[in-house]
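Chain and residue survey
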Amino acid sequence: MPNRETVHRVCPFCEATCGLSIEVEGDAIVSVRGDKEDPFSRGFLCPKAYGLKELHHDPDRLRRPVRRTASGWEEISWEEAYREIGERIGRIRREHGNDAVGFYTGNPVVHDLGALLYRPLLERALGTRNSFNSSAIDTLPKIVQTGLMFGRPFPLGVPVPDIDRTDYLLVIGANPVVSHGSLMTMPDAPGRLKAVRARGGKLVVVDPRRTETARIADEHVFIRPGGDAAFLFGMLHALFEEDRVDLGAASGLVNGLDEVRGVVEGFAPEAVAEFSGVPAETTRRLAREIAAAESAACYGRLGTCVQEFGTLASWGCDLVNVLTGNLDRPGGVMFTTPAAPVDAALPQSKGYEIGRWHSRVSGQPEVDGKVPSSTMAEEMLTPGPGQVRAMLLLMTNPVCSAANSRQLDEAFAQLEFLVAVDFYINETTRHAHVILPTPAPSEHAGYEVGLYLLSVRNVAKWSWPAVEPGEGVPDSWQVLSRLGAELMGLRGMSEQEVDDLVLGQYVAGSLAALQERWPGLTAGEVTARLESRVGPERLVELLLRVGPYGDGFGRVPDGLTLAKLREAPSGLDLGPLQPRLPEVLNTTSGKVELAPKTMTGDVARLRARMEERAGEMVLIGRRELRYSNSFMHNLPALVKGPEKCTLHISPLDAERIGLDTGQVARVFSRVGHVEARVEVTDDLMPGVVSLPHGWGHGVSGTRMRVANDHPGVNANVLTDDRAYDVASGTAVLMGTPVKVTPAGE
Ligand SMILES: Nc1nc2c(c(=O)[nH]1)N[C@H]1C(S)=C(S)[C@@H](COP(=O)(O)OP(=O)(O)OC[C@H]3O[C@@H](n4cnc5c(=O)[nH]c(N)nc54)[C@H](O)[C@@H]3O)O[C@H]1N2
Ligand SMILES: Nc1nc2c(c(=O)[nH]1)N[C@H]1C(S)=C(S)[C@@H](COP(=O)(O)OP(=O)(O)OC[C@H]3O[C@@H](n4cnc5c(=O)[nH]c(N)nc54)[C@H](O)[C@@H]3O)O[C@H]1N2
Ligand code: SF4
Ligand SMILES: [Mo]
């Protein structure tokens, strides 16, 4: 009988970073529990954590590379897979140039240390302008807005609500009780939100749906989808008018205050009430409350991003924070001081720019070297020089997650060559010619290099693999590094040689950025003194040791090292957030740019939209506690129970249309239609219907037996690839105009 042991790691299924205690026997996971010793999560977990066990044992999860043939999928060796990919991509690049091969990175990459740290290598090896990632269906407005205001590449300029100390939290377009927080890394969102009220603070939720978060709040305010920028400008208008603007820590550190005053002049709360659906007196009162609170944070997330005016709405949130003196104030919004400053390894420059080039077909601006994923289908389908003929997908299922699924499905199906690094044969990867599976989260080590850049406390924790992957099964970093070498023509190099090149890049970047902290530290010394030999572990050791709590390779004797972190299997708490605005600011002016042209230039579009008579029904999304995006529906314990993929509709609309709970409705948009079972609920504001995303399984050629028994419908059949936030190129996933009828009609 193998011994039973307990392994500690962070849960990989959302941004909350809960600590897990995983009981393991041999290569079997016996149980998954919340780690009570974890100083950040203190034993909290949600039902998704159990998915770690089910995903580990899922018989549909791929363990070896597969190739699609006329008679079905066949397993091939890793060597054969790399060779085929190298040859076919090589040929396409020789004939059509590098841009003919596209690259798309999905959401789970942030939870896979190897994929996250070796993705830049693969991106360099591909050298394509057609590089996409899931940000354009998620965070792109925040990327653009914080980049332009604070001058930092994402996510380093994102101020995080100091939720444990705040006196007032305005949540707009986010549902942290279910999502557990995003761009605000914290375990136990429900507990932390309740604590705001328990210590006498106030929690207000602004959302077209009375969400699970609204239910535990002091106040819920309905807002029309897309009305946020106008509503927030209304609040700012009131702050100016009532002379409540106070810059606090940002005093003397801002540019453009008068321009902001000019912009919001035409947005009196009374003038925006009809468009936003928020009564003027509510807007004015909320502005007054936020200004009067000892400390306050305005926090917007997906509802303020993947909508028609995402950049303006995100801008509005941070303007409220700055103009009420809450930027960089304890209890306001603050910048994390991460232990592993992965950003240090990025190219350093002053200022932040977007649109250095534009996408080929619809001319959308580049952001951080990537073009919005909403252009992906047109880049694949539109002939001409630079057309995307092959794609490499890294942990993403765009046919379920991105706008206009049907078009994407067609686009992937007609590619000359498609490679997916993924462990399921799903709605997207079924079109792949080769699929390279990487180990399940239970099988690799980890450190939350990305998520700890945004945590509400400064924390550090090493995650151990619960079970070692089988003999000869490569980790994700090995797959990416080998693919990168193959594509750069470095096939002859050993894994160690390639890895030393990767390390060299991270060392050079970090030392250049941190030379003031560690004068005299050289690349030679660093390389010689690193204790880890290879892989992401070595990179994390580097980052921790040169980071703000690090030992500087012996210069601070009791400083943090990877070895010390490992001696604390449940993780380390490094204290509350610290004020650090001057150090974060990286604009060319050295100030917070309150009125970047990208935003001021987009205001006319909002005005024009406000003049139009809307009146149509619009569709928004809905997240569920038991699954994340599209990939957890194959786990039996999570999908069991009543059907979750239902259309929520208000009683008023249901009656008008002639629909009742349990009946099937047909929903039409410009690009497609679906049929879904109806649930009538007064949680939804009239004129708005809601359908969760990530469903629509049961498609032929997939191998997800459990998911295919619980297919649901794909909400992104309805979302429109031509609808995007013009300032950033972000897809409109919330606020899609739709028509709803009973299915029979
Ligand atoms: N309508 C609508 N659409 C939305 C949203 C919405 O609110 N409404 N939300 C959007 C948001 S915020 C996001 S982030 C995107 C996410 O969209 P995607 O980035 O496409 O993420 P997933 O749907 O989770 O798909 C993840 C893929 O990675 C694979 N995978 C998961 N974990 C691993 C792993 O550890 N290793 C390997 N090799 N593969 C793995 C899965 O099999 C799956 O194919 O969806 C967006 N789409
Ligand atoms: N259980 C679970 N947790 C998750 C995920 C998951 O799929 N399931 N996904 C993870 C990912 S990838 C992300 S990015 C985060 C997202 O984290 P959140 O943003 O907190 O999650 P959402 O549920 O998408 O919340 C968006 C809210 O915006 C509202 N909304 C829609 N349109 C508008 C609008 O125009 N204005 C306003 N004010 N509100 C609007 C919706 O009703 C919804 O309540 O969650 C993460 N956590
Ligand atoms: S909230 Fe749930 S899914 Fe998110 S990290 Fe914690 S246990 Fe995992
Ligand atoms: Mo996301």
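Below is a summary of the structure that appears in this document. (Residues numbered from 1 in each chain as written. Chains lettered and ligands numbered in written order. Predicted model: local features only at pLDDT ≥ 70, side-chain atom pairs only at ≥ 80, totals over all residues. Heavy atoms only, no water.)

**Concerning the pairing of strand β2 (residues 19–25)**
- For β2, a buried count of seven out of seven residues is recorded, marking the element as mostly surrounded by other parts of the structure.
- Where strand β1 (residues 4–10) lies against β2, seven bridges are found, and the strand directions are antiparallel. Each residue of the ladder has a partner; that of Val7, found in β2, is Ile22.
- Bridging between β2 and strand β3 (residues 28–34) involves six bridges; their strand directions are antiparallel. Residue pairing in the sheet places Glu25 in a bridge with Ala28 of β3. (Buried < 20%, exposed > 50% of the residue type's maximum accessible area, 1.4 Å probe, protein only. Helix = DSSP H or I, 4+ residues; strand = E, 2+ residues; numbered from the N terminus. Pairing = 2+ DSSP bridges.)

**What to know about the sheet that holds strand β11 (residues 219–221)**
- The sheet built from four strands is open, its strands ordered β11-β10-β9-β13 with parallel pairing. Because the sheet does not close on itself, it has two edges, and the strands there are β11 and β13 (297–300). With direction set aside, neighbouring strand axes in the sheet form an average angle of 15°.
- Where strand β10 (residues 202–206) and β11 come together, three bridges link them in parallel fashion. Bridging from a neighbouring strand, Val205 pairs with His220 of β11.
- The sheet contacts of helix α8 (residues 228–241) involve β9 (168–172), β10 and β13, and relative to β9 the element is tilted by about 150°.
- Together, β9, β10 and β11 form the strand contacts of helix α11 (residues 280–292), whose direction differs from that of β11 by roughly 135°. (Axes fitted to C-alpha atoms, helices over the stretch in contact; angles between N-to-C directions. Contact = heavy atoms within 4.5 Å.)

**A look at the packing of aromatic side chains**
- Scanning the entire structure with this criterion turns up nine aromatic pairs.
- Between the aromatic rings of Phe233 and Trp315, the centroid separation amounts to 5.7 Å while the plane-to-plane angle is 85°, which identifies the pairing as edge-to-face. Taken together, the residues Phe233 in helix α8 and Trp315 in helix α13 (residues 310–323) connect sequence positions 82 residues apart. Here the two residues Phe233 and Trp315 agree in accessibility, since each one is buried. (Phe/Tyr/Trp six-rings, centres within 6.5 Å; stacked < 30°, edge-to-face > 60°.)

Geometric descriptors of this kind do not, in isolation, establish any biological role.
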